Amino acid sequence: MHTDEQIITLGQWLSPAYPVGGFAYSHGLESLVETGAVTDTDSLLDWLGDVLRYGAGQSDARFLIAAWRADAQDVGAVDALCRAFAPSRERLQETGLQGAAFCEVTAAVWGFDLAGLTYPVALGRAAALEGLPPALTARLYLQAFVSNLVAAAQRLLPIGQTEGQRLIRALAPLISDITEQALAGSLDDLSGTAFLADIASMKHETQYSRIFRT
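In this text the structure is predicted, and so the values were computed from the model without any measurement. (Residues numbered from 1 in each chain as written. Predicted model: local features only at pLDDT ≥ 70, side-chain atom pairs only at ≥ 80, totals over all residues. Heavy atoms only, no water.)

A. Quick peek at the overall build of the chain. For the chain, the helix and strand inventory stands at 11 helices and 0 strands. Counting helices and strands in the order they occur from the N terminus, the chain gives α-α-α-α-α-α-α-α-α-α-α. Taking 214 residues into account, the globule formula puts the C-alpha radius of gyration at 17 Å, and the chain, at 16 Å, falls close to it. Out of the 214 residues in the chain, the part that is buried amounts to 51%. Sequence separation of 24 or more characterises 77% of the internal contacts of the chain that already satisfy a separation of 6 or more. Carbon and sulfur atoms make up 54% of the accessible area of the chain, which amounts to about 10100 Å² in all. The chain carries 14 positive and 24 negative side-chain charges, and their two centres are separated by 3 Å. (Helix = DSSP H or I, 4+ residues; strand = E, 2+ residues; numbered from the N terminus. Rg over C-alpha atoms; globule rule 2.2 N^0.38 Å. Buried < 20%, exposed > 50% of the residue type's maximum accessible area, 1.4 Å probe, protein only. Contact = heavy atoms within 4.5 Å. Areas by Shrake-Rupley, 256 points an atom, 1.4 Å probe, with all protein chains shown as cover. Lys, Arg positive; Asp, Glu negative; His and termini not counted. Charge placed at Lys NZ, Arg CZ, Asp CG, Glu CD.)

B. The side chain of Ser43, seen in detail. With respect to the secondary-structure elements, Ser43 resides in helix α3 (residues 41-54). Of note is the side chain of Ser43, whose polar atom sits 2.9 Å from the backbone nitrogen of Thr39. Beyond its immediate chain neighbours, meaning those up to four positions away, Ser43 contacts Ala37 and Val38. (Polar contact = N/O pair within 3.5 Å; in protein donor to acceptor, adjacent residues only side chain to side chain.)

C. Structural view of the pattern of salt bridges. Overall, the coordinates contain 7 salt bridges when judged by the stated rule. In this structure, the salt-bridge partner of Arg89 is Glu90, at a minimum N-O distance of 4.0 Å. Of the charged contacts in the structure, one is a salt bridge between Arg166 and Glu163, with a shortest N-O distance of 2.9 Å. Pair noted here: Arg166 and Glu163 are both in helix α9 (residues 161-170), with a separation of 3 residues, about one helical turn. (Salt bridge = Lys/Arg side-chain N within 4 Å of Asp/Glu carboxyl O.)

D. View of the environment of Ala67. You can see Ala67 is positioned in helix α4 (residues 56-69). Sequence spacing of Ala67 and Tyr18 is 49 residues, and the spatial spacing of their C-alpha atoms is 21 Å. Setting aside residues up to four positions removed in sequence, Ala67 forms contacts with Val75, Val78, Val121, Gly124 and Arg125.

E. Up close: the packing of aromatic side chains. Under the counting rule described, the total for this entry stands at 6 aromatic pairs. Aromatic pair Tyr18 and Phe102: ring centres 5.7 Å apart, planes at 50°, arrangement tilted. Residue Tyr18 is located in the loop between α1 (4-13) and α2 (29-35), and its partner Phe102 is located in helix α6 (residues 89-110); the two are separated by 84 residues in the primary sequence. Judged by its relative accessible area of 6%, Tyr18 is buried. Overall, the relative accessible area of 0% leaves Phe102 in the buried class. Three or more aromatic residues joined by ring pairs make a cluster, and in this case those are Trp13, Tyr18, Phe102, Trp110, Tyr119 and Tyr141. (Phe/Tyr/Trp six-rings, centres within 6.5 Å; stacked < 30°, edge-to-face > 60°.)

F. Fine view of the nonpolar core. Membership of the largest hydrophobic core comes to 60 residues, with the highest contact counts inside it found for Trp13, Leu44, Trp47, Leu52 and Phe102. It is helix α8 (residues 134-156) that provides the largest number of residues to this core, a total of 9 residues. In contact with Trp13, not counting residues within four places along its chain, are Tyr18, Phe102, Thr106, Trp110, Phe112, Tyr119, Leu123, Ala126, Ala127, Glu130 and Leu132. (Core = buried A, V, L, I, M, F, W, Y, C linked by side-chain atoms within 4.5 Å.)

G. Looking closely at the packing of α3 against α4. As a packed pair, α3 and α4 sit with axes 3 Å apart at the nearest point and diverge in direction by 35°. On α4, the residues that touch Val51, Leu52, Arg53 and Tyr54 of α3 are Ala56, Gly57 and Gln58. For the contact of α3 with α4, the residue count by class is 4 nonpolar, 2 polar and 1 charged. (Axes fitted to C-alpha atoms, helices over the stretch in contact; angles between N-to-C directions. Nonpolar A, V, L, I, M, F, W, Y, C, P; charged D, E, K, R; others polar.)

Here it is in structure tokens:
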């Protein structure tokens, strides 16, 4: 059973108001819009689903849960693997800077010993220290991840607020499935095969005109 306090804490940590700067990142989506690979609601839904199934969605869920399960001395090894798994400079920047911001704010407010961790690892470690359930933490992390990308898409494509919320709702069952798979597995099951999304993040580094950092 989840308590109201646990839900409220995760709601605060994963709110757009929590100062991690998620609004500044598109995860390579801006590059795909530039090249015409993502043009509308249907192609965006396909891309989001692939990123969740085969890219950072499933890998971040595994890093988060591994960090939740890890002893204090082992968190650094999980974090090092998370950094090594970033497929491009900008994707490493995305997880590193958001994680550092999360650590700084959460350490100041909750008094945890957190510093310099990637975003999913920082959240998993903080959730363990606060006694928050890993399944709920991972589900809400993935929902926040998708929500941020939908918000980015709404600045790049003619997609309205209502349609954006339909997209997020449509991906909820997949988010639950990925969370369950991550809970049942370990970092030995880690994989990443969202190759076009990874290449898009590399191409974004040299994109002439852009509004997002990734």
